[in-house]
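Residues per chain, in single letters:
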Amino acid sequence: MNRAASHKTGSQPNGIMSSPATIPETHRFDPNFTQLVISATGPKTAPRLRKVMTSLIQHLHDFARENEITVEEFMAGIEFLNEAGRMSTDVRNEGQLLGDVIGLESLVDEITYKLVSEADSTPTATAVLGPFWRADAPKLEMGASIVHNIPDGDHTFLHGTVHDYLTGEPIEGAELDVWHTAPNGLYEQQDEKQKEYNLRGRFTTGKDGRYSFYCLRPTSYPIPDDGPAGKLLKLLDRHPMRPAHIHFIVSAPRYKPIVTQIFDRRDKYLEDDAVFAVKDSLVVDFLPREGDPKAQFELAYNFRLATFEDAQKHSLTGATDGTTTLATGNTSGSTI
Ligand SMILES: [Fe+2]
């Protein structure tokens, strides 16, 4: 007996067994309703939007039917989203945070950037942007420090090369946009005591593709948990911690930009990231640095980029073309 039949078969009040041929469970609700809603989409709708919205409506309706969502539960969900909206400002992106704690941004990141390459090497893996990136970080000279007025941090010399993942050639004119938190776990826009744009900077490579700058060895920190995302984590019996990491956006003319993070191998939250962003290839080892009064640690890390052409040749849906930009919708907000 299938599930629908088991639901619908049983004793009638008069003691007579009902027939298994009663209405199937899937037809307990109006079987035509979802199609009615989908069909309301007009002919001028863009094809991609039509496809995505048709799928979204279908999945949401199925979700509601499968879980028999009540009006009270629907209203609680709507209020949850409204609260996230009210809480969002130009320095706080609660909606994105919600997407992150349920793993949606990490999944979309994978879908967008995964390359199916037959080559031995692959471009540097990507990771979520998160809600704390800010546009227009200061452009700095190579070798400069992004650290201001934090004498007690683990100062680190970070350096490496940006190169083509297929040819290995260094990439001239590549820009690294980098940001991380202070040792107190706060990004500068969350912390009145930090100078604006502290622990952020942009660096542009020369002919040799090399980059270098001073930063801090990163610190694990909780994502903001005083809003709906935090409430959800508590309800799901989860912690808000992220493993220590440094964020990067690496871009260059003719190359597909990457958004990524590197993670400190010593961090205890590496296996248990609140936003599911850790990838093995992004876990790094900071080493002690000798003879440099400006840093106690050092990290060498190379970035591998794919040209737009190679990215299109080898990628799944989501491959970019030359017109694609980092459409983050998050120009002054927050990164995780
Ligand atoms: Fe972060």
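Quick caveat, the model's predicted, so the values are computed rather than measured.

Rules behind the numbers
- Residues numbered from 1 in each chain as written.
- Predicted model: local features only at pLDDT ≥ 70, side-chain atom pairs only at ≥ 80, totals over all residues.
- Helix = DSSP H or I, 4+ residues; strand = E, 2+ residues; numbered from the N terminus.
- Buried ≥ 20, exposed ≤ 12 C-beta atoms within 10 Å, placed from the backbone.
- Contact = placed C-beta atoms within 7 Å.
- Axes fitted to C-alpha atoms, helices over the stretch in contact; angles between N-to-C directions.
- Parallel < 35°, antiparallel > 145°, perpendicular 65-115°, else oblique.
- Nonpolar A, V, L, I, M, F, W, Y, C, P; charged D, E, K, R; others polar.
- Expected span 1.5 Å × (residues − 1).
- Pairing = 2+ DSSP bridges.
- Core = buried A, V, L, I, M, F, W, Y, C linked by C-beta atoms within 7 Å.
- pLDDT = per-residue confidence, 0-100.

### Side note on the overall build of the protein chain
Thinking step 1. Summing up its helical and strand segments, the protein chain has eight helices and twelve strands in all.
Thinking step 2. A burial count over the protein chain gives 32% of its 336 residues as buried.
Thinking step 3. Considering only residue pairs separated by 6 or more positions, the protein chain has 70% of its internal contacts joining residues 24 or more positions apart.

### Describing the packing of helix α4 (residues 71–87) against helix α5 (residues 94–101)
Thinking step 1. Across the interface, α4 lies against α5 with an axial gap of 7 Å and an inter-helix angle of 130 degrees. Taken together, the axis directions place α4 and α5 in an arrangement best described as oblique. Within the contact between the two elements, α4 uses A84, G85 and M87 and α5 uses E94, G95 and L98.
Thinking step 2. Its residues assigned to classes, the contact of α4 with α5 shows three nonpolar, two polar and one charged.

### Quick look at α4
Thinking step 1. Between the first and last C-alpha of α4 there are 24 Å, a value that for 17 residues agrees with the 24 Å anticipated at 1.5 Å per step.
Thinking step 2. α4 sits mainly on the outside: one of its 17 residues count as buried.

### A few points about the packing of α5 against helix α7 (residues 228–235)
Thinking step 1. Interhelical geometry of α5 versus α7 gives an angle of 25 degrees and a closest axis separation of 8 Å. Classed by the angle they form, the pair α5 and α7 counts as roughly parallel. Counted together, E94, L97, L98 and V101 of α5 and P228, A229, L232 and L233 of α7 form the full contact between these two elements.

### A short note on the sheet that holds strand β3 (residues 200–204)
Thinking step 1. Taken in spatial order, the five strands of this open sheet run β3-β2-β7-β8-β9, and their pairing is mixed. Only two strands of the sheet have a single neighbouring strand rather than two, namely β3 and β9 (283–284).

### Some words on the environment of V275
Thinking step 1. Tracing the chain through its elements places V275 in the loop between β8 (255–264) and β9.
Thinking step 2. Considering only alpha carbons, one finds V275 and P240, 35 residues apart in sequence, at a separation of 8.5 Å.

### A few points about the nonpolar core
The tendency in soluble globular proteins is for nonpolar side chains to be buried as a group.
Thinking step 1. One finds V162, L176, V178, C215, V250 and L305 to be the most contacted residues of the largest nonpolar core, which totals 49 residues.
Thinking step 2. Of all the secondary structure elements, the ones that give two or more residues to this core are α5, β1 (155–164), β2 (175–179), β4 (210–216), β7 (245–252), β8 and β12 (303–305).
Thinking step 3. Those residues in contact with C215 that lie beyond four places of it in its chain are I146, V147, T156, L158, V178, H180 and I246.

### Digging into the environment of L56
Thinking step 1. Note on placement: L56 falls in helix α3 (residues 47–67).
Thinking step 2. Here the alpha-carbon distance between L56 and I38, two residues 18 residues apart in the chain, equals 9.8 Å.

### A short note on the pairing of β7
Thinking step 1. Most of β7 is tucked away: eight of the eight residues are buried.
Thinking step 2. Along β7, one buried face is formed by H245, H247, I249 and S251 and the opposite face, lined by I246, F248, V250 and A252, is buried too.
Thinking step 3. Pairing of β2 with β7, which is carried by five bridges, proceeds in the antiparallel orientation. Residue D177 lies in a different strand from β7, and its bridge partner there is I249.
Thinking step 4. The pairing of β7 with β8 spans seven bridges and is antiparallel. Bridged to H247 within β8 is Q261.

### Section: the pairing of β2
Thinking step 1. Counting buried residues in β2 gives four out of five residues, a clear majority hidden from the surface.
Thinking step 2. Bridge count between β2 and β3: five bridges; the pairing is antiparallel. By the bridge assignment for β3, L176 is matched with F203.

### Quick look at the confidence of the model for the protein chain
Thinking step 1. Predicted confidence across the protein chain gives a mean pLDDT of 84, with 82% of residues reaching 70 or more.
Thinking step 2. At the low end of the mean pLDDT range in the protein chain sits helix α1 (residues 3–8), at 35; at the high end sits β4, at 98.
Thinking step 3. For the stretch residues 1–20, pLDDT sits under 50, and the model shows 15 contacts to residues farther than four places along the chain or on other chains.

### Description of unusual backbone geometry
Thinking step 1. With a phi close to 60 degrees, L199 is a non-glycine residue in the positive phi region.
Thinking step 2. Note on placement: L199 falls in the loop between β2 and β3.
Thinking step 3. With 26 C-beta atoms counted inside 10 Å, the residue L199 sits in the buried group.
Thinking step 4. Here D237, not a glycine, exhibits a phi torsion of approximately 55 degrees, which is positive.
Thinking step 5. In this structure, D237 sits in the loop between α7 and β6 (241–242).
Thinking step 6. Residue D237 is classed as exposed on the basis of its 6 C-beta neighbours within 10 Å.

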